[in-house]
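So you can see what is in the structure, the chains are spelled out below.
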Amino acid sequence: MVRPLRLEFPGALYHVTCRGNRRDIIFRDRADRLAWLLEAERTCQRFHFVVHAFCQMTNHYHLLIETPEGNLGQGMRQLNSAYSQYYNRRHGLVGHVMQGRYKAILVQKEGYLRELVRYIVLNPVRAGIVGAPEDWEWSSYRCMLDREPAPSWLAVDWLLACFGADHVEARQAYRDFVLDGMAGESPLKKVCFQCILGDDAFIAQHRKVVEKVISDEIPREQRRAFAMSLDEYALKFSPREVAMAEAYQSTMFSMRQIAVYFGVSVKTVSRAVAAIEATRKADEQHNG
């Protein structure tokens, strides 16, 4: 079973979603929603998470989380495990409450934090549950407007500072910004390779970080985010037979694609690959 790629490092920002198993309801009533908020508070305190926005729906939830210590996985396991235990105990159930692993998208803070804050609190409106974001009690929107007490783990002051120095004016600017996005397009449509939201430089930066940990456990579409281009293989490896073989070994390109790029036949690529593999086996036997 393939597992989503996790990019974890201090200061990373993520849009996290988690759904109920088989898309079942995970919040049946007010008590469930309050219990989840309590577990979120405990998790944030223990793992030092900073939350910029949240929204509880019916069968899933959204979080915009910053991790000063690069420990998203640990914290999310704690949150989902603790809430699942509570939910099963209260409702007399057994088995999984959440649908597999949570989904986390690494986000470029400078370019997309505000857009995702808006997207998250507008989810109940887009789903047709309410007509306006202030009508939904279970998101960070009303906390930002000071209409509800904000949880201690919600970074209200930091986010308001993005909209102005004066809190009153900043709240109005935040409200206007959110409402201006009601008919807008989801920023998640710009996600690359199912796991990164950012500009080209941001993607390239994090590709380099994880090149060494790419494995067959990671879905092919996500591995593609971190594979080198054929131009890069041609520049990095010499002679070209080595470049062709290395490109093929990455699993990102077919022999035909490589042959077209290098202007050779598929047989030439195949011979290059076979020669490199034979050399490596010989080296392994010699060193063994």
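Residues numbered from 1 in each chain as written. Predicted model: local features only at pLDDT ≥ 70, side-chain atom pairs only at ≥ 80, totals over all residues. Heavy atoms only, no water.

(A) Fine view of the sheet that holds strand β1 (residues 12–19). Pairing within the open sheet is mixed, and its five strands lie in the order β2-β3-β1-β4-β5. Both edges of this open sheet fall to β2 (50–56) and β5 (196–197), since each of them pairs with a single strand only. Contacts from helix α1 (residues 30–47) reach β2 and β3 (60–67) within the one sheet, and its direction differs from that of β2 by about 165°. (Pairing = 2+ DSSP bridges. Helix = DSSP H or I, 4+ residues; strand = E, 2+ residues; numbered from the N terminus. Contact = heavy atoms within 4.5 Å. Axes fitted to C-alpha atoms, helices over the stretch in contact; angles between N-to-C directions.)

(B) Structural detail: the environment of Glu69. Relative to the elements of secondary structure, Glu69 occurs in the loop between β3 and α2 (72–91). You can call Glu69 partly exposed: its relative accessible area is 44%. Counting along the chain gives 20 residues from Glu69 to Phe49, while the straight-line C-alpha distance between them is 8.2 Å. Excluding residues within four positions of it along the chain, Glu69 makes contact with Pro10, Phe47 and His48. Polar side-chain contacts of Glu69 include one of 2.3 Å to the side chain of His48. (Buried < 20%, exposed > 50% of the residue type's maximum accessible area, 1.4 Å probe, protein only. Polar contact = N/O pair within 3.5 Å; in protein donor to acceptor, adjacent residues only side chain to side chain.)

(C) Inspection of the pairing of β3 at higher detail. Burial runs high along β3: eight of the eight residues are buried. On β3, burial covers both faces: His60, His62, Leu64 and Glu66 on one face and Tyr61, Leu63, Ile65 and Thr67 on the other are all buried. Both β1 and β3 contribute to a ladder of eight bridges, which runs antiparallel. Across the sheet, residue Arg19 finds its bridge partner in β3, namely His60. Sheet analysis places β2 next to β3, joined by six bridges and oriented antiparallel.

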